[in-house]
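Understanding the architecture of this molecule
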Amino acid sequence: MKYLVTGGAGYVGGAVAQHLLEAGHEVVVLDNLSTGFREGVPAGAAFVEGDIRDAAKWLDSSFDGVLHFAAFSQVGESVVKPEKYWDNNVGGTMALLGAMREAGVKKLVFSSTAATYGEPEEVPIVESAPTRPTNPYGASKLAVDFMITSEANAHGLGAVSLRYFNVAGAYGNQGERHDPESHLIPLVLQVAQGRREAISVFGEDYPTPDGTCVRDYIHVADLADAHLLALKAATPGEHLICNLGNGEGFSVRQVIETVRQVTGHPIPEVVAPRRAGDPATLVASAATAREKLGWNPSRADLAGIVADAWKFAQSIAREQ
Ligand SMILES: NC(=O)c1ccc[n+]([C@@H]2O[C@H](COP(=O)([O-])OP(=O)(O)OC[C@H]3O[C@@H](n4cnc5c(N)ncnc54)[C@H](O)[C@@H]3O)[C@@H](O)[C@H]2O)c1
Ligand SMILES: O=c1ccn([C@@H]2O[C@H](COP(=O)(O)OP(=O)(O)O[C@H]3O[C@H](CO)[C@H](O)[C@H](O)[C@H]3O)[C@@H](O)[C@H]2O)c(=O)[nH]1
């Protein structure tokens, strides 16, 4: 099969593109390199440097589907520059859906997010939980989910939205290298590498066991498996939404402690103010993904996830 991967020069899109190639598919990556890297596009994929708003230039009926990762995704930035998120995430996806309609491409897998739920009333979070995003990033992704539902109803698109919780780890040589980095695990690893002095803990007064935010970390390779299963499950005229996480929460301090164990570095920490837009606890119920996609994650162990991210961070440091 031939797939367009938007955002395939980024962290998750690059890992999924690699997995698609290994499964024998043809992959075309469309990425404007706004946050991604040319060297993040896996060998064997065709690369088009361009914007999803211009997807109609490259999308034609030879494609069997689209995997849509291209977006801005920093929670904190979205609070101070919301217009950037509405423009790229919502405006960009509207153009992409239009191009798919024109070209008659009927299958879509979309990177949605746990941030669509906001502060949950109950954990683990199920897909029928209220969606009350606490930041414009989550709101923009929720708007896209609504857009996709109406596209499926009106025009027969077969779509699956995967609501990732916190993605981490590496898949072969596909790993996380955001610049600037905002995600917890790669930042803590930068401390272990001596690239920063200490990790800031954003708030220690949350209603959680140790006062720091709790998140559900999922290995990017397990996430990649879910995308291939989602392509199989996509059904014309239907929009399926699935959470992807391991169902277990780890606090910021537990993550830091795990990095200490994996790297042997003492990792100094400093307490900093809360980051705007952060919910206290996000933990997934992935029962829908297991039932509807047949997804069975096999790399849930946090130390293993951190060890893979560490291996990748060290390999990048050697290259630089
Ligand atoms: N990393 C996580 O923990 C996480 C969690 C939930 C959801 N997501 C979602 O997964 C997707 C991928 O996240 P990531 O961590 O790999 O981010 P990333 O920044 O590494 O990748 C995004 C890629 O999209 C490209 N891009 C952005 N806007 C574009 C546009 N208009 N046209 C073409 N290319 C464009 C960027 O250059 C980049 O290569 C995003 O949609 C994000 O919202 C990520
Ligand atoms: O230097 C740091 C960086 C992060 N954190 C904390 O660590 C936790 C995880 O933060 P990340 O930035 O790694 O991840 P987020 O939970 O903010 O967001 C990630 O997961 C979300 C869903 O859970 C969204 O999908 C989003 O795209 C993705 O970046 C948060 O409580 C954050 O406040 C720190 O304490 N210090």
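The structure presented is a predicted model; accordingly, all values stated were derived computationally and were not measured. Along each chain, the written sequence defines residue order, and numbers are assigned to residues from 1. Chain letters and ligand numbers both follow the written order, the letters beginning at A and the numbers at 1. In keeping with the model being predicted, local features are shown solely for residues with a pLDDT of at least 70 and side-chain atom pairs are shown and tallied solely at 80 or more, while totals for entire chains, interfaces and linings include all residues. To get the side-chain values, take all heavy atoms of the structure and skip hydrogens and water.

**Structural notes on the UniProt feature "domain: NAD-dependent epimerase/dehydratase" (unreviewed entry) in the protein**
Inclusion rule: UniProt positions are given in the numbering used here, feature names are shortened, and annotations may be inferred rather than shown by experiment. Secondary structure elements are taken from DSSP: a helix is a run of H or I of four residues or more, a strand is a run of E of two residues or more, and numbering for both begins at the N terminus.
Annotation from UniProt places "domain: NAD-dependent epimerase/dehydratase" (unreviewed entry) at residues 4-238. Secondary structure across residues 4-238 comprises 35% helix and 18% strand; the distance between its end C-alpha atoms is 20 Å.

**Brief notes about the site of ligand 1**
For the record, the criterion: One heavy atom suffices: a residue is near a molecule or strand as soon as one of its heavy atoms comes within 4 Å of it. Here a polar contact means two N or O atoms within 3.5 Å. Within protein one must be a hydrogen donor candidate and the other an acceptor candidate, and residues neighboring in sequence count only if both atoms are side-chain atoms. Amino acids outside the nonpolar list (Ala, Val, Leu, Ile, Met, Phe, Trp, Tyr, Cys, Pro) and the charged list (Asp, Glu, Lys, Arg) are all regarded as polar, and Gly is one of them.
Surrounding ligand 1, one finds 30 residues, the nearest of these being Asp31, Thr35, Asn88, Tyr137 and Lys141. Gly10 places a polar main-chain atom, nitrogen or oxygen, 3.1 Å from an oxygen atom of ligand 1. Take Val12: an N or O atom from its main chain is 2.8 Å from an oxygen atom of ligand 1. Looking at the shell around ligand 1, the elements with two or more residues in it are helix H1 (11-22), strand S5 (107-113) and helix H4 (136-155). Of all the elements, S5 adds the most residues to the shell around ligand 1, at three residues. When its residues are assigned to classes, the shell around ligand 1 shows 12 nonpolar, 14 polar and four charged.

**A short note on the sheet that holds strand S12 (residues 250-251)**
The cut-off we apply is this: Strand pairing is defined by DSSP finding a minimum of two bridges between the two strands.
Ordered in space as S12-S9-S14, the three strands form an open sheet in which the pairing is mixed. Bordering the open sheet on either side are S12 and strand S14 (281-282), each of which pairs with just one other strand. Direction of pairing for strand S9 (residues 214-215) relative to S12: antiparallel, over a ladder of two bridges. Bridge pairing in S12 links Val214 to Ser251.

**With respect to helix H9 (residues 302-319)**
The line we're drawing: Helix span is expected to be 1.5 Å times the residue number reduced by one. Think of it in three bands: residues with accessible area under 20% of the maximum for their type are buried, residues over 50% are exposed, and the middle band is partly exposed, with areas taken using a 1.4 Å probe on protein chains only. Throughout, the arc means that of the directions going from the helix axis to the C-beta atoms. Residue contacts follow a heavy-atom distance rule, with two residues in contact if any of their heavy atoms lie within 4.5 Å.
Under the 1.5 Å per step criterion, the end-to-end length of H9 is 26 Å for 18 residues, consistent within 8% with the ideal 26 Å. Three or more residues of H9 are buried, namely Leu302, Ile305, Val306, Ala309, Trp310, Phe312, Ala313 and Ile316. Angular distribution of buried residues about the axis of H9 spans 170°; they occupy a single face of the element. Away from its buried face, by an angle of more than 90 degrees, H9 presents the exposed residues Lys311, Arg318 and Glu319. Lining the buried residues of H9 we find strand S7 (166-168), helix H5 (184-192), strand S10 (217-219), S12 and helix H7 (252-263).

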